[in-house]
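Fold and geometry: a report
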Amino acid sequence: MNQIIKLQNIIKLFHRKRWLSLNEGEGVVRAVDDVSIAIGEGESVGLAGESGCGKTTLGRLIAGLYEPTGGTVTINGRNINDGSTQVRRLLRTECRMIFQNLDAALNPFMTVEQILDEPLKIHTKKSKSDRRKRILEVLELVNLPVAFKNEYPHTLSGGEKRRVSVARAIVVPPKILIADEPVSALDVSIRAQIIDLFQHLREELNLTMLFISHDLGVLNDVCDRILVMYNGKIVEDAPIDKLRSRTLEHPYSRRLTESVLQIKVE
Ligand SMILES: Nc1ncnc2c1ncn2[C@@H]1O[C@H](COP(=O)(O)OP(=O)(O)O)[C@@H](O)[C@H]1O
Ligand SMILES: [Mg+2]
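Summary of the structure given here. All values derive from a computational prediction rather than experimental measurement.

Our focus in this paragraph is unusual backbone geometry. In this structure, Asn143 takes a positive phi of about 65° despite not being glycine. With respect to the helices, strands and loops of the structure, Asn143 is situated in the loop between helix H5 (128-141) and helix H6 (158-170). Given the relative accessible area of 60%, Asn143 is considered exposed. If you check the backbone angles, Asn231 has positive phi at about 55° while not being a glycine. Counting through the fold element by element, Asn231 comes out in the loop between strand E9 (225-230) and strand E10 (233-239).

Here it is in structure tokens:
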């Protein structure tokens, strides 16, 4: 299997503002702490772990939105931080990230059609009529009525906004999709629909997917493999069967599994 995403000894430090730290060194957060992983083409990998453990930071490093403090991120055989603008441009078409906060992600002054047209204008040379056609196609793919193209984000429900954000991520089909907590803000019934959508897209587009969630139950439905992150480190890298059979090995993963099972019983 072609290893499309490869991280070698990735470190990301953030420097907190001085007045928050009492002692020297306390102002540094090790958000990602020596992570090495490889993800194969077409694989769907879940990234779990409690809030603040470094999941979003890791996603952003893969998408090239952060520079690592140390280590190498290789996408499709190319080091994305080697300073080449050509590599960056390629990365932007190959790899798309869906952000957690819907209201920050969708421009409130643009209609759905304008939101979807933007990546087409930037990344393709399609004519206006071809772009229109693609927008209708992609609305159908994410299961939104065509008439929604004239709506503004504030008129949409949470689930509909999420569909638009997914549509924007795939309107120019990427090879890699990073979804950061894409269902965490949604009601349970809507959540199931969006999970269905991700399963469908995965098959339809042959995507390599990194699906970030603090909820192991969600990952169980979408992923082949699971990574558990704790304190900036990957403490477990296991096939999804191990989650189902409750045989994850790291004590922290076990605790995470138990808390999910408790929720399911309620
Ligand atoms: N831009 C930033 N500046 C400073 N600290 C940050 C920044 N982004 C994240 N952090 C810190 O890094 C750690 C990991 O954050 P994050 O990756 O958002 O975790 P998660 O997505 O798992 O909740 C946290 O301690 C967080 O406060
Ligand atoms: Mg996060």
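Here the narrative resumes.
All right, on to the sheet that holds strand E4 (residues 70-75) then. Sheet architecture is open: 4 strands sit in the order E2-E1-E4-E5, paired in antiparallel fashion. Looking at which strands have only one partner, the edges of the open sheet turn out to be strand E2 (28-40) and strand E5 (78-79). Bridge analysis of E4 against E5 gives 2 bridges, and the strand direction is antiparallel. Pairing of Thr74 across the sheet is with Asn79, part of E5. Running at roughly 125° to strand E1 (residues 3-15), helix H1 (residues 55-62) makes contact with E1, E2 and E4 of the sheet.

With that out of the way, let us pick up helix H7 (residues 188-205). In this model, H7 (18 residues) spans 26 Å end to end at C-alpha, consistent with the 26 Å of a helix rising 1.5 Å per residue. Among all positions in H7, only Arg191, Ile194, Ile195, Leu197, Phe198 and Leu201 are buried. Take H7 and look down its axis: the buried residues cluster within an arc of 155°, on one side only. More than 90 degrees from the buried face of H7, the exposed residues found are Ser189 and Glu203. Packing partners of the buried residues in H7 comprise strand E6 (95-98), H5, H6, strand E7 (176-180), strand E8 (208-212) and helix H8 (216-222).

Reading the values: rules and limits
Residues numbered from 1 in each chain as written. Chains lettered and ligands numbered in written order. Predicted model: local features only at pLDDT ≥ 70, side-chain atom pairs only at ≥ 80, totals over all residues. Heavy atoms only, no water. Helix = DSSP H or I, 4+ residues; strand = E, 2+ residues; numbered from the N terminus. Buried < 20%, exposed > 50% of the residue type's maximum accessible area, 1.4 Å probe, protein only. Pairing = 2+ DSSP bridges. Contact = heavy atoms within 4.5 Å. Axes fitted to C-alpha atoms, helices over the stretch in contact; angles between N-to-C directions. Expected span 1.5 Å × (residues − 1). Arc of directions from axis to C-beta.

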